[in-house]
Amino acid sequence: MVFRRFVAAFALSLFLVASWAVAQQQTAEFTGKITDSSGAAVAGAVVTISNPNHAIRVVLTTDAQGRYVAPLLPPASGYQISVSKPGFKVAVRKDLRLEVTQVAEVDIPLAVGSVAQTVTVTGAPPLLDLQTSSVGQVIPGRTITNLPLNGRSSFRLIQLTPGVTFNEGAYGQFGDVPVNSTWDSSFAINGGRSQSNQILIDGVPSTTGFFDQITTIPSIDDTQEFKVQSNNMSAEYGHYSGGVVNVTTKSGTEQLHGTVFEFLRNSALDANDFIDNEHKRPIPPFKMNQFGFAVGGPVILPKVYNGHGKTFFFADLQETRRNQGATFLATVPTDQQRQGDFSSTLDAAGKPVTIYNPFSTRTDPANPSQYIRDPFPGNKIPLSMQDPVAQKLLSYYPEPNTTGSANTDANNYISNASMVVNQDAGSARIDQNVNAMYHLFGRFGWSLTSLTQPNTYGNVATTGPGAVGTTQFHNWSFAFDNTIAFSPTLLLTLDYGWARWFQSRKTLSYGFDNGTLGFPSSLVSSITIPMFPAITVGGGYSGMAGQSYLINGNDTHSFLVSLTKIRGRQTFTLGTDVELNLINYFNVANSGGAYNFAIAQTQGPNPNVATPIAGNGIASLLLGDGSSGSIPIGSGVELRDWYYAGYIQDDARLSDKLTINLGLRYETQSPMTDRHNELNYFDPNVASPAANSEFPNLKGGLVFAGVNGNSRTVYRWNRLQFEPRIGFAYSPIPSTVIRGGFGTVYAPLELSNNAVGFSPSGGFSSSTAWNTSLNGGLTPYNLLNNPFPQGLVQPTGSSLGAGTLVGQAISVWDTNPQTPASYQWNLDIQRQLPSNTLVDIAYVANRGLHLTSNFDLNQLNPSYLSLGTGLQAQVANPFQSYVKIGPLSNAKIARRQLLLPYPQFTGVTVVNS
């Protein structure tokens, strides 16, 4: 079925390019006018464009207006333009350079004389852009090579582009190493959303997955140059809300060239940081080596094949080995607190903190509308009241090893455990000049990375990034380009691209036996993926463990067909872009259970009033009195969608001073489907089987894809997405250009607010909420030593229909999402000054609509807030007979729950709305 659809898409592409087209080009173009000494156009002049280093030779003839156009040329230096016509001297322009996507206008005057005479001019073409209206900046190869780059990631230079902002927090502790290409692609262009940009490598998309992760980034030695573009680009570009990064990689040349390198960093050359200095710790260890090679040239097999002028290769490899101690400062419980003694616990102002007994909660006799609690005598929790599981958990906390902050025990633990990165990244490219009309190349890139996060506790309970353990990132990309010149004015390109992102992690504590903590055997046997439980403690204390078990494999197959037709002063373009996106992942967060302990569980005397001198998160943990929690049973998904786009573009040179750019793009992306139909959506109008005498007309429940005649998709397909583009470039006086335009673009329909993703497979997966209290946290109910006495909610598939997961919190996709749209416009003035200096002043604007976010449908109407503590009052639960596990399985329930729009669920979170 996939093959038939791809063949159909291929046939559609061929049909659409029966007219004139060009794809998402990583190439460049020479254009210009040939005149005589009086300024009159010279028709019929022979224009030869050559580049000996790359065996390029294009021969054109000027039209009646003396103009020539040479599109689809690879960005490179060393170009030469030669013009000849009987009665005139041969004119030659040498040492010309083309940048990615550049339209370089080179006008050449001819002098009267013999063709045996030659006039040679050496110099760069004008810097002014007289042909397009988009805003952008080229990062040339010499900049990539010459500027120092910590970590040797060429994409860091994107920050040199005005209007680009990086999410610095994405780099974390390993910001100097391209550990994972997601971090280097976490940037916004001119107001667009971060990671909502199109990244093209050699003309084909290199992104994939839920959040368009870039798969491989060419190394410094492999990058020819790249251009950051935004605001009113040609209709050939789409599928973004910010901009486009267009990367071209190096190819081999007629001469064999190579380089070998090694870069070394060592902590012996570093200064200590502030935190380690303050706590009298030595400089954290740090060793980093980056080494490799790059080589390119003609393919020569002695006595077999001579590839000079025909076949070229380029290959590179970069190895990274990094070991760095990561400074980690945290707050851990003191020995007194581990024993239940909080008599020395102080707040930030140095005042004693009182611990209150949640089991003593009762109505305040002096004020029946309020509640009251008693403090523990001596501010000590008796051993008989300490939860045995909590006692075992506390033993996994490391001992304090440094002096805490003034007056408190805050920041009493420091670690310099190491983070280790091993990475192998490289590429290989072959270019073939089949004949004068046909050129092709193929490039394969890879990045294989192993990232081991620091074990800050020195055991399986390590918190934060260290709980991940080791993560594997294995990414690949492939581009195959074919360019066929039917004539100097008619050129066809056929491109195929493949991008793959694979990520896996098991967490540091994978395989941990929760029975050793004292949990009941019935719970331990129900844990599908054994790992240490995730513990969160309020009040600034460091937690324990966490993270998820993850296998995430994403593929994007791209097929682009295009044709370029030049007719006089106009360049017509029309093309298609078809992509197949595959997302396969299994992701279960905190499968050993997540347990949260807040200050509120031990605050008082009024449990509903928080003060800095009452309550402690460790005390709540020691009592086993949690604020919330859950334990999941996960399932994997195999998702697929298709992206279709077609466009037409007309770049018309109306006069020597004015160019108009007109374009229209159409694109649409199908809803995702699951190979096994394990998706669902929330229908607010479906009759609920949990209806009862109190709620006889109860509505709201899950509807399953592919069941009982339902569609395999779970959200609406947005088909009517047209993107007009209009722009101009006008030169009122020599050396000055005014450019501007307006355009509409659509971004991918983002299916999650994180890079891993979310799939609505409730019923095939499940999550059981920890029922910690029956009255909104006032008094404890199920303690940590037996958090799920009724067992876990088991996946039921689609068998229960709208009754699936009743009594639980559910997350679903929006069934009627709007594709994120962006309206972009700009006005730009360029002025070329002497010494090849360009002054560019631009105004750019980007208005985003229908941007995605998450929200809970099951929120309390604010009018009920006037009930105050009455919302915590216990009332009869009308859902008890239907719900067997979780908060809604009890005989009594807080009144607040029954006032929700969908009282049969504890939460209904809509993703991607």
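Thresholds applied
Residues numbered from 1 in each chain as written. Predicted model: local features only at pLDDT ≥ 70, side-chain atom pairs only at ≥ 80, totals over all residues. Heavy atoms only, no water. Helix = DSSP H or I, 4+ residues; strand = E, 2+ residues; numbered from the N terminus. Buried < 20%, exposed > 50% of the residue type's maximum accessible area, 1.4 Å probe, protein only. Contact = heavy atoms within 4.5 Å. Pairing = 2+ DSSP bridges. Axes fitted to C-alpha atoms, helices over the stretch in contact; angles between N-to-C directions. Polar contact = N/O pair within 3.5 Å; in protein donor to acceptor, adjacent residues only side chain to side chain. Core = buried A, V, L, I, M, F, W, Y, C linked by side-chain atoms within 4.5 Å. Patch = residues over 30% accessible without salt bridge, like charges linked within 9 Å, V, L, I, M, F, W, Y side chains within 5 Å. Areas by Shrake-Rupley, 256 points an atom, 1.4 Å probe, with all protein chains shown as cover. Salt bridge = Lys/Arg side-chain N within 4 Å of Asp/Glu carboxyl O. Phe/Tyr/Trp six-rings, centres within 6.5 Å; stacked < 30°, edge-to-face > 60°. Lys NZ or Arg CZ within 6 Å of the ring centre and 35° of its normal. pLDDT = per-residue confidence, 0-100.

Engineer: Could you give an account of the overall build of the protein, naming the residues involved and the relevant values?
Structural biologist: Tallying secondary structure elements over the protein gives 9 helices and 51 strands in all. Counting only C-alpha atoms, the protein reaches 115 × 70 × 55 Å along its principal axes. In the protein, which comprises 913 residues, the share counted as buried stands at 55%. Contacts in the protein between residues at least 24 apart in sequence constitute 74% of all its contacts with a sequence separation of at least 6.

Engineer: Account for the sheet that holds strand β3 (residues 56–61), with residues named and values stated.
Structural biologist: Adjacent strands of a sheet pair through backbone hydrogen bonds, lying either parallel or antiparallel. If you trace the 5 strands from one edge of the open sheet to the other, you get β3-β2-β5-β6-β9, paired in mixed fashion. Two strands close off the open sheet at either side, each with one partner strand: β3 and β9 (118–122). In this sheet, neighbouring strand axes are inclined to one another by 20 degrees on average, regardless of whether the strands run parallel or antiparallel. Looking at chain direction, strand β2 (residues 46–51) and strand β5 (residues 76–84) are connected through 5 bridges and run antiparallel. The residue bridging Val 46 from the neighbouring strand is Ser 84, located in β5.

Engineer: Break down unusual backbone geometry for me, with residues and values.
Structural biologist: For the bond from Gly 604 to Pro 605, the omega torsion is 0 degrees, close enough to zero to count as cis. A positive phi angle is found at Lys 303, which is not glycine, with a value near 65 degrees. Here Lys 303 lies in the loop between β21 (300–301) and β22 (305–306). You can call Lys 303 exposed: its relative accessible area is 92%.

Engineer: So what about the sheet that holds strand β13 (residues 198–201)? Which residues, and what values?
Structural biologist: Spatially, the 5 strands line up as an open sheet ordered β10-β17-β18-β13-β14, and their pairing is mixed. Each end of this open sheet is capped by a strand with a single partner; those strands are β10 (135–140) and β14 (204–205).

Engineer: Quick one: what's the story with the pairing of strand β46 (residues 821–833), residue by residue and with numbers?
Structural biologist: Note that strand β43 (residues 736–746) and β46 share 11 bridges and pair antiparallel. Across the sheet, Arg 739 pairs through a bridge with Asp 828, a residue of β46. Of the strand pairs in this sheet, β46 and strand β47 (residues 837–849) are connected by 13 bridges, and their pairing is antiparallel. When the bridges of β47 are listed, Tyr 823 appears paired with Arg 847.

Engineer: Explain the side chain of Thr 320 to me, and be specific about the residues and the numbers.
Structural biologist: Within the secondary structure layout, Thr 320 lies in strand β23 (residues 311–325). One polar contact links Thr 320 to Gln 290, side chain to side chain, over a distance of 3.2 Å.

Engineer: Residue-level account of the nonpolar core, with values.
Structural biologist: Residues Leu 393, Phe 532, Met 544, Tyr 595, Leu 621 and Leu 784 are the most contacted members of the largest nonpolar core, which totals 38 residues. The leading source of residues in this core is helix α8 (residues 617–623), at 5 residues. Residues contacting Leu 621, with those up to four places away along its chain left out, are Ala 390, Leu 393, Leu 394, Val 537, Phe 597 and Leu 784. Core analysis: the next-biggest nonpolar cluster, separate from the first, contains 24 residues, Phe 30, Leu 98, Ala 104 and Val 106 among them.

Engineer: Which residues make up the pairing of strand β34 (residues 570–589), and what values go with them?
Structural biologist: In terms of residue burial, β34 counts as a mostly covered element, since 14 of its 20 residues are buried. Hairpin connection from strand β33 (residues 548–567) to β34: 2 residues lie between these consecutive antiparallel strands, with Gly 568 at a positive phi of about 60 degrees.

Engineer: How would you explain a nonpolar patch on the surface if you had to name every residue and give the values?
Structural biologist: A contiguous nonpolar surface patch, about 560 Å² in accessible area, is contributed by Leu 662, Ile 726, Phe 742, Trp 825, Leu 827 and Tyr 843. Tracing the chain through its elements places Ile 726 in strand β42 (residues 722–730).

Engineer: Any details on the packing of aromatic side chains? Residues and values, ideally.
Structural biologist: Enumeration according to the criterion identifies 25 aromatic pairs in this entry. Ring plane angle 65 degrees and centroid distance 6.0 Å describe the contact between Phe 473 and Trp 501, whose orientation is recorded as edge-to-face. Of this pair, Phe 473 sits in strand β30 (residues 470–487) while Trp 501 sits in strand β31 (residues 490–505), and the two are 28 residues apart along the sequence. In this pair, the class of Phe 473 matches that of Trp 501, namely buried. Ring geometry for Phe 682 against Phe 905: centres 6.1 Å apart, planes inclined by 80 degrees, an arrangement best described as edge-to-face. Taken together, the residues Phe 682 in strand β40 (residues 680–687) and Phe 905 in the loop between α9 (895–898) and β51 (907–911) connect sequence positions 223 residues apart. For the residue pair Phe 682 and Phe 905, the accessibility class agrees, reading buried in each case. Grouping aromatic residues by their ring pairs yields a cluster made of Phe 519, Tyr 595, Phe 597, Trp 770 and Phe 788. Sitting over the face of the ring of Phe 261, Arg 152 holds its NZ or CZ atom 4.1 Å from the ring centroid. Over the aromatic face of Phe 441 sits the side chain of Arg 429, whose NZ or CZ is 3.9 Å from the ring centroid.

Engineer: Outline the environment of Ser 427, listing residues and values.
Structural biologist: For Ser 427, the location among the structural elements is in strand β28 (residues 418–433). Relative accessible area serves as the criterion here: at 2%, Ser 427 is assigned to the buried category. Discounting chain neighbours no more than four positions away, the residues touching Ser 427 are Asp 222, Phe 314, Ala 315, Asp 316, Arg 443, Phe 444, Gly 445 and Trp 446. Within the local environment of Ser 427, its side chain forms a polar contact with the side chain of Asp 222, the two groups lying 3.0 Å apart.

Engineer: Hey, could you go over the pattern of salt bridges for me, with residue numbers and the actual values?
Structural biologist: Using the criterion set out here, one finds 21 salt bridges in the structure. Put simply, Asp 129 and Arg 739 hold a salt bridge, and the shortest N to O gap is 3.2 Å. With a gap of 610 residues between them, Asp 129 in the loop between β9 and β10 and Arg 739 in strand β43 connect regions that are remote in the sequence. We classify Arg 739 as buried; its relative accessible area is 2%. In this structure, a network of salt bridges that share partners links the residues Lys 33, Arg 67, Glu 105, Arg 569, Arg 653 and Asp 656.

Engineer: Got a sec to walk through the confidence of the model for the protein? Specific residues and values, please.
Structural biologist: Looking at the protein as a whole, the pLDDT averages 87, with 93% of positions reaching at least 70. Throughout residues 1–23 the model reports pLDDT below 50, and contacts reaching past four residues in sequence, or to other chains, amount to 51 contacts.

Engineer: Lay out the environment of Leu 867 with the relevant residues and their values.
Structural biologist: When you line up the elements, Leu 867 lands in the loop between β48 (855–856) and β49 (874–876). Distance in space between the C-alpha atoms of Leu 867 and Ala 769 is 26 Å, their sequence separation being 98 residues. Leave out the neighbours within four places in its chain, and Leu 867 touches Arg 895 and Leu 899.

Engineer: Could you give me a rundown of the side chain of Asn 482, with the residues and numbers involved?
Structural biologist: Assignment of secondary structure puts Asn 482 in strand β30. Here Tyr 438 takes part through its side chain, which lies 2.6 Å from a polar atom of the side chain of Asn 482. Residues contacting Asn 482, with those up to four places away along its chain left out, are Tyr 438, His 439, Leu 440, Leu 492, Thr 493, Leu 494 and Asp 495.

Engineer: An account of the environment of Asn 677 is requested, with residue identities and associated values reported.
Structural biologist: With respect to the element layout, Asn 677 can be found in the loop between β39 (673–674) and β40. Here the alpha-carbon distance between Asn 677 and Phe 704, two residues 27 residues apart in the chain, equals 8.0 Å. For Asn 677, the residues in contact, after removing those within four places along its chain, are Ala 705, Gly 706, Arg 712 and Phe 764.

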